[in-house]
Amino acid sequence: MTCKKGKNHKYLHIALCALRHAEPKKGTVNGMNEINNEINNEINNEEISKRIQLLKRIPIPESVTVAAEYIDGGSFTEADGETVHGGLPPFYRIEVHSTPSPTSFIRTELWLPEDWNGIFLGLGNGGIAGRICYGALAHRLRSGYAAVNTDMGTSRGHYYSGIGNPEVAKDFGWRATHLMTAVGKRLLYALYGRAPDFSYFVGASTGGQQALSEAQRFPTDYDGIIAAVPANNRVFLHTYFLWNHVHLRTRDGRVLFTDEEITKISDLAAEFFQSRGVGEKGDNFVSMPWQNENTVKDFIWFLAKDRSLFSIEQLEALRAVYSGPINTVTGKRIYNGMPIGSEIYGCGIKDCSSNAVPPHFYPFLWTFGKNCCPHDFDFGKDMQTVNDLLSEDLNANSTYLEEFCDNGGKLIVYSGSADPCVPYPDALAYFRRVAEGNGGYVKTGEFMRYFIIPGMDHGAGGRGANTVLGQNGEDMLSALRDWRENGRAPQWLTAERRVRSENGELVTEFSRRVLPCDGDTPSVPAWQDN
């Protein structure tokens, strides 16, 4: 399709200068087999040496240093000395350190297999990052992908890394991922002598933020992108965490709900929606927890029917959490509320009240310092301060995707209906805004599709579906590739629940087709049984 043209987008221009290199060396891994044939060994070493020398000559930014080693298959052991990734083919491991500003330090790793399938694959991180995701690199390497991952510039100081250092927000929000991509492609070209056939990015949660940031800010970096449970509305998402914390835990540290009460709420949530005809008979989860603006009020009344279960204080806290944070100055909603039925999962009621410091508090630490108190936060004045300082870099809310579309880009986004960590209503609202700015839902569906997975927690858990596949049961990356390379758009996704039986066998409890959203608020689940 030809997308509507818009204003020129701002690109990061990287000056090419001479490279400062760390001395590469021939690497080994635990458990690798000895090469018995000395003649072949010498030939192989000569070829490896030539390839690594190519990496030394590639022009990349002067703020980047590179170290490279060859690993002759087998296994790779992480720096902790305990975490081992086995079954690896021979590959080149390239470590990259970037300092795009004097106060930045970004780690990146690029794993290039000898037997390359021609695809460059960017991999997202999670949470506040601060580490390389070796498991993801190893998984994709086994399938022949040239895979790259970054720590997003937060390895030094972690939660405190952005205090007094605004460059960290740029690195974390967008710069580290783009540099990872740009430098990774140049190093790949140096080793293989050609550009990739296609480039893809796969990320979830923080990786979903990286994914949408790439599509918006650097639309030619990738040909196809998967943004799962995307944390792209970053500053306001973290305001939601803070709002939940101060309503679920008193200033003196008293927690309002026991574990048993939290489980009871989730049980009653499934019962409540089943009574409204939402969900399949026998489901113990909520497949679509939002029907209309009165749903929260009706559910609170449903809980209040048996007054021996919950106190007025508890019910009012639930009302606030399900409704979402409100700006005390404007009276407008800052972010959506916690989905009903998601209380028992990560970042749900328990997580948001169990610790003195709320989960994912770092944007407020970066803004107000390490001694700021959650209960002192002003959701009006202080909200504006955080927004002014961080939103431009941390948020990825632009609906300007015309260049990504014109480049042939394809974007798959999905959320879990029972995810309290990155609730689906925000991603649904973003999808609607994209459709409004790109010619409607039919035209938008030619390059972007959004799905809500029934009963899924944050990524791959929950009482409902815990596995997401393409329409023919293929993995999601294969589904994305089929759309981009062959023009076969996913008409549905396959949501399955898989569990281990007593004898250890993996059993599929259900399989349901999840239809793409068309923009209407779903009053019934957008899925059907396979």
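Below you will find a few notes about this structure.

Each value, and the rule that gives it
Residues numbered from 1 in each chain as written. Predicted model: local features only at pLDDT ≥ 70, side-chain atom pairs only at ≥ 80, totals over all residues. Heavy atoms only, no water. Helix = DSSP H or I, 4+ residues; strand = E, 2+ residues; numbered from the N terminus. Expected span 1.5 Å × (residues − 1). Buried < 20%, exposed > 50% of the residue type's maximum accessible area, 1.4 Å probe, protein only. Contact = heavy atoms within 4.5 Å. Phe/Tyr/Trp six-rings, centres within 6.5 Å; stacked < 30°, edge-to-face > 60°. Pairing = 2+ DSSP bridges. Right-handed = clockwise from strand over helix to strand, strands pointing away. Core = buried A, V, L, I, M, F, W, Y, C linked by side-chain atoms within 4.5 Å. Salt bridge = Lys/Arg side-chain N within 4 Å of Asp/Glu carboxyl O.

1. Remarks on helix H13 (residues 424-437)
Turning to step 1, where the next piece is worked out: Taking 1.5 Å as the rise per residue, H13 with 14 residues should run 20 Å; its terminal C-alpha atoms sit 20 Å apart, in good agreement.
Turning to step 2, where the next piece is worked out: Considered for burial, the residues of H13 that qualify are Tyr424, Asp426, Ala427, Leu428, Tyr430, Phe431, Val434, Ala435 and Gly437.
Turning to step 3, where the next piece is worked out: Of the surrounding elements, those touching the buried residues of H13 are helix H4 (206-217), helix H12 (402-406), strand E9 (410-416), helix H14 (441-444) and strand E10 (448-453).
Turning to step 4, where the next piece is worked out: Glycine 439, located one to two residues past H13, shows a positive phi value of around 90°.

2. As for the packing of aromatic side chains
Turning to step 1, where the next piece is worked out: Tallied over the full model, the rule gives 29 aromatic pairs.
Turning to step 2, where the next piece is worked out: Here the aromatic rings of phenylalanine 172 and tryptophan 366 are separated by 6.1 Å at their centres, their planes lie at 85°, and the arrangement is edge-to-face. In this pair, phenylalanine 172 sits in helix H3 (residues 166-192) while tryptophan 366 sits in helix H10 (residues 362-368), placing the two residues 194 residues apart along the sequence. The pair phenylalanine 172 / tryptophan 366 is uniform in exposure class, with both members buried.

3. Describing the pairing of strand E6 (residues 146-150)
Turning to step 1, where the next piece is worked out: Among the five residues of E6, five are classified as buried, and the element is accordingly described as predominantly covered.
Turning to step 2, where the next piece is worked out: Side chains Ala146, Val148 and Thr150 project from E6 onto one buried face, and the interleaved Ala147 and Asn149 project onto a second face that is buried too.
Turning to step 3, where the next piece is worked out: Sheet topology note: the strand E4 (residues 106-113)/E6 ladder contains four bridges and is antiparallel. Within E6, the residue paired with glutamate 109 across the bridge is asparagine 149.
Turning to step 4, where the next piece is worked out: Pairing of strand E5 (residues 119-123) with E6 involves three bridges; the strand directions are parallel. Counterpart to glycine 122 in the pairing with E6 is valine 148.
Turning to step 5, where the next piece is worked out: Between the parallel pair E5 and E6, the chain is carried across by helix H2 (residues 134-141), and the sense of this crossover is right-handed.

4. Looking at the nonpolar core
Turning to step 1, where the next piece is worked out: Counting 109 residues, the largest nonpolar core has Phe257 and Trp366 as the members making the most contacts within it.
Turning to step 2, where the next piece is worked out: Of all the elements, H3 adds the most residues to this core, at 11 residues.
Turning to step 3, where the next piece is worked out: Counting residues in each nonpolar core, the second largest holds 37 residues, with Val202, Phe451, Met456 and Val468 among its members.

5. A closer look at the pattern of salt bridges
Turning to step 1, where the next piece is worked out: Counted by the stated rule, this structure contains 20 salt bridges.
Turning to step 2, where the next piece is worked out: A salt bridge links aspartate 171 to arginine 175; the nearest nitrogen and oxygen atoms lie 2.7 Å apart. A residue pair is termed a helical-turn pair when its members lie 3 or 4 positions apart in one helix, as aspartate 171 and arginine 175 do in helix H3 at four residues.
Turning to step 3, where the next piece is worked out: As a salt-bridge pair, glutamate 316 and arginine 319 come within 3.7 Å of each other at their nearest N and O atoms.

6. What about the pairing of strand E13 (residues 506-514)?
Turning to step 1, where the next piece is worked out: Here strand E12 (residues 493-500) runs beside E13; their pairing, made up of eight bridges, is antiparallel. Each residue of the ladder has a partner; that of threonine 494, found in E13, is arginine 513.
Turning to step 2, where the next piece is worked out: Hairpin connection, E12 to E13: the antiparallel pair is bridged by five residues, and glycine 504 has positive phi, about 85°.

7. Notes on the environment of alanine 136
Turning to step 1, where the next piece is worked out: Mapped onto the elements of the fold, alanine 136 is located in helix H2.
Turning to step 2, where the next piece is worked out: On the accessibility criterion, alanine 136 (28% relative accessible area) is partly exposed.
Turning to step 3, where the next piece is worked out: Counting along the chain gives 12 residues from alanine 136 to valine 148, while the straight-line C-alpha distance between them is 9.3 Å.

8. Describing the environment of threonine 239
Turning to step 1, where the next piece is worked out: One can find threonine 239 in helix H5 (residues 234-248).
Turning to step 2, where the next piece is worked out: By relative accessible area, which is 0% here, threonine 239 ends up buried.
Turning to step 3, where the next piece is worked out: Between the C-alpha atom of threonine 239 and that of phenylalanine 361, which follows or precedes it by 122 residues, the distance is 8.7 Å.
Turning to step 4, where the next piece is worked out: Residues contacting threonine 239, with those up to four places away along its chain left out, are Pro325, Ile334, Phe364, Phe379 and Met383.

9. What about unusual backbone geometry?
Turning to step 1, where the next piece is worked out: Backbone geometry at histidine 158 places phi at a positive 50°, although glycine is not the residue there.
Turning to step 2, where the next piece is worked out: With respect to the secondary-structure elements, histidine 158 resides in the loop between E6 and H3.
Turning to step 3, where the next piece is worked out: On the basis of relative accessible area, histidine 158 is assigned to the partly exposed category, the value being 33%.
Turning to step 4, where the next piece is worked out: In this structure, serine 205 takes a positive phi of about 65° despite not being glycine.
Turning to step 5, where the next piece is worked out: Counting through the fold element by element, serine 205 comes out in the loop between strand E7 (198-204) and H4.

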